[in-house]
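# Architecture and fold: a report
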Amino acid sequence: MQRDFMSEARDFLARTRLVDGHNDLPYVIWARGSHGDVRAWNAARLHPETDTDIPRLKAGLVSTQVLTAFIPTMVEKPIDDRLAVIDVMLQLEQLYPETFHPVLAPDDMEAAQAAGKIGLFKAVEGLVGVESLGHLRLLHAMGIRLVTLCHNETLPFIDSATDHPGRRPGNRPLSPFGESIIGEMERLGLIIDMAHVSPPAQHAVMDCAKGPVMISHANARALCDHPRNAPDDVIRRIAEGGGIVMATFVPAFLEQAVFESMQPVMDGLGKVREDIGDEEYRRHKDRAFRRFEGDGIDALIRHLEHIRNVGGADCLGIGSDFYGGPNPPGLEDAATFPALFARLMQRGWSTGDMEKLAGGNFERLWRQVYREKPAMA
């Protein structure tokens, strides 16, 4: 009798806590949807124009979703905009209490699952506008539990992987203020996320961090030479410190041929040029997607297996980076997680390794980092 891998995958995810480490839905609702009015956007209905909503999170059997308050680096009022996106996450919790369970402590993930709800874990992507450690304390007080240090552009205290190092005002990839940010995050129990950080700055973060750190959405540089992907020495060092690398679905991070096909619309640093219109971008994207060897799931698994070979099964995780953008075939939206785990089963992955990948490693790292009552030094 032929095995039904999809049914087995659904059964597996129903009894396992699947954590997706990065999703920009709050920004989508704020910037592209209803200007931050979650009631008007109506997360309970299917949104074919994007990739994430309540029906597809449920279909994907997501147990805890890390939602991030992303804002672009180059905005006039970063603090105001950040608060507006954080408010979107609070609205999701308050408008859909039957669906979302606030996740503020590790035990809340188990409580969400026991209640048949989706854990809503709040994060911030990029510390643009943060000029004092007090801002970190305020973010923590608002329920933020993970911080991605920067986005596509270098900040005064840390280098981005997709910006010119010369734009840093000093001569170090992580400034003394950056080191104090790392220390304060550890005191507060905030997860340190090095996605978007340049490799030299990633090493500098690990030089001063006392506990485990992570990358929430990137793949292996050895398989796809995008500057956002993690070199083997970074993966190895993260793993040695008890951290994790959460593999992502971003097409240009998955397949070298796809990344190369997108070069005409990129700026040389891995970012889409600002002068590229939607139609031109779509034309290049459609051409690039034909370069996949198999589909996005096959490509993602190659990265997962490489990361496992370099750092071991204890450093694996998944961070989709869904944001309503171009997603690879097979990983089009938040409903596709069972298909990924069905393919892993077909490839002979052990139950233990799949449990670690799904969310076990994330939960273990967070329990190491978490502080119930941060005490001032």
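See the structure printed just above.
So, how was this worked out
- Residues numbered from 1 in each chain as written.
- Predicted model: local features only at pLDDT ≥ 70, side-chain atom pairs only at ≥ 80, totals over all residues.
- Heavy atoms only, no water.
- Helix = DSSP H or I, 4+ residues; strand = E, 2+ residues; numbered from the N terminus.
- Rg over C-alpha atoms; globule rule 2.2 N^0.38 Å.
- Buried < 20%, exposed > 50% of the residue type's maximum accessible area, 1.4 Å probe, protein only.
- Contact = heavy atoms within 4.5 Å.
- Areas by Shrake-Rupley, 256 points an atom, 1.4 Å probe, with all protein chains shown as cover.
- Salt bridge = Lys/Arg side-chain N within 4 Å of Asp/Glu carboxyl O.
- Axes fitted to C-alpha atoms, helices over the stretch in contact; angles between N-to-C directions.
- Parallel < 35°, antiparallel > 145°, perpendicular 65-115°, else oblique.
- Left-handed = near helix turned anticlockwise from the far one by under 90°.
- Nonpolar A, V, L, I, M, F, W, Y, C, P; charged D, E, K, R; others polar.
- Phe/Tyr/Trp six-rings, centres within 6.5 Å; stacked < 30°, edge-to-face > 60°.

The number of helices and strands found in the chain is 16 helices and 9 strands. Taken over the C-alpha trace, the chain has a radius of gyration of 19 Å; the compact-globule value for 377 residues is 21 Å, and the two agree within 12%. With the C-alpha coordinates of the chain rotated into their principal frame, the extents come out at 65 × 45 × 45 Å. A total of 377 residues make up the chain; the buried ones form 59% of that total. Relative to all contacts within the chain whose residues are 6 or more apart in sequence, the contacts with residues 24 or more apart total 72%. When the accessible area of the chain is evaluated, it comes to approximately 15,100 Å², of which 50% is carbon and sulfur surface.

Attention now moves to the pattern of salt bridges. Inspection of the entire model under this criterion finds 21 salt bridges. Between R3 and E8 there is a salt bridge whose closest N-O contact spans 2.6 Å. Judged by its relative accessible area of 46%, R3 falls in the partly exposed class. Across the pair E363 and R367 runs a salt bridge whose closest N-O atoms are separated by 3.1 Å. On the criterion of helical spacing, the pair formed by E363 and R367 is a turn pair, its members being 4 residues apart in helix α16 (residues 351-369). Residue classification places R367 among the partly exposed positions, given a relative accessible area of 41%. What you see here is one network of salt bridges that share partners, running through R17, D107, E363 and R367.

For the rest of this paragraph, the subject is the environment of P156. Relative to the elements of secondary structure, P156 occurs in the loop between β5 (146-148) and α8 (176-188). P156 gets classed as exposed once you look at its relative accessible area, which sits at 61%. With 173 residues separating them in the primary sequence, P156 and P329 have C-alpha atoms 38 Å apart.

The contact between helix α15 (residues 337-346) and α16 brings their axes to 11 Å, and the two run at 155°. It follows from the interaxial angle that α15 and α16 lie roughly antiparallel. Here α15 and α16 pass one another in a crossing that is right-handed. When α15 is examined against α16, the residues F341, L344 and M345 are found in contact with a partner set consisting of M354, L357 and A358. Partitioned by chemical class, the residues of the contact of α15 with α16 number 6 nonpolar, no polar and no charged.

So, on to the packing of aromatic side chains. All chains considered together, the criterion is met by 11 aromatic pairs. Pairing Y27 with W30 gives two aromatic rings, centres 5.8 Å apart and planes at 55°, and the pair type is tilted. Of this pair, Y27 and W30 both sit in helix α2 (residues 25-33), 3 residues apart, roughly one helical turn. Across this residue pair, the class does not change: Y27 and W30 are buried.

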